[in-house]
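# Architecture and fold: a report
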Amino acid sequence: MNRDKLIAQVKNEYARIASLESQQHFHQTTTEITPEAYYENLLSKVINEINNGTFDNFKSGEEVVTAIANDKSWLSGWK
């Protein structure tokens, strides 16, 4: 898949997820960070990995987001 298209799909998927997060639920599961800041940070790391070719065999942005949700080790330097 074209990396630019994959990046666009991933951006749309994270925007959708962030808009669904309730502020209260999010604060119960993480520390002092807004959903927007969390997903912006995550998206930045995902875009770097896409540009590095990590997800070249993936068929959609949703597939990438799901893989990362299940295993953050896809992302270099994720804490």
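In what follows, the accompanying structure is described. Please read these numbers as outputs of a predicted model, since none were measured by experiment. (Residues numbered from 1 in each chain as written. Predicted model: local features only at pLDDT ≥ 70, side-chain atom pairs only at ≥ 80, totals over all residues. Heavy atoms only, no water.)

On to the environment of tryptophan 74. Checked against the element boundaries, tryptophan 74 lands in the segment after helix H4 (61-70). For the pair tryptophan 74 and glutamate 49, spaced 25 residues apart in sequence, the C-alpha separation works out to 8.0 Å. Discounting residues that sit within four places of it in the chain, tryptophan 74 has contacts with Glu49, Thr54, Phe55, Phe58, Ala67 and Ile68. (Helix = DSSP H or I, 4+ residues; strand = E, 2+ residues; numbered from the N terminus. Contact = heavy atoms within 4.5 Å.)

This next bit is on the packing of helix H1 (residues 3-20) against helix H3 (residues 35-51). Packing of H1 against H3 leaves a shortest axis separation of 10 Å and a crossing angle of 165°. With respect to each other, H1 and H3 are oriented roughly antiparallel. Where H1 crosses over H3, the two elements pack in a sense that is right-handed. Contacts from Arg3, Leu6, Ile7, Val10, Lys11, Tyr14, Ile17 and Ala18 of H1 reach H3 at Pro35, Tyr39, Leu42, Leu43, Val46, Ile47, Ile50 and Asn51. A breakdown of the residues in the contact of H1 with H3 according to their chemical character gives 13 nonpolar, one polar and two charged. (Axes fitted to C-alpha atoms, helices over the stretch in contact; angles between N-to-C directions. Parallel < 35°, antiparallel > 145°, perpendicular 65-115°, else oblique. Left-handed = near helix turned anticlockwise from the far one by under 90°. Nonpolar A, V, L, I, M, F, W, Y, C, P; charged D, E, K, R; others polar.)

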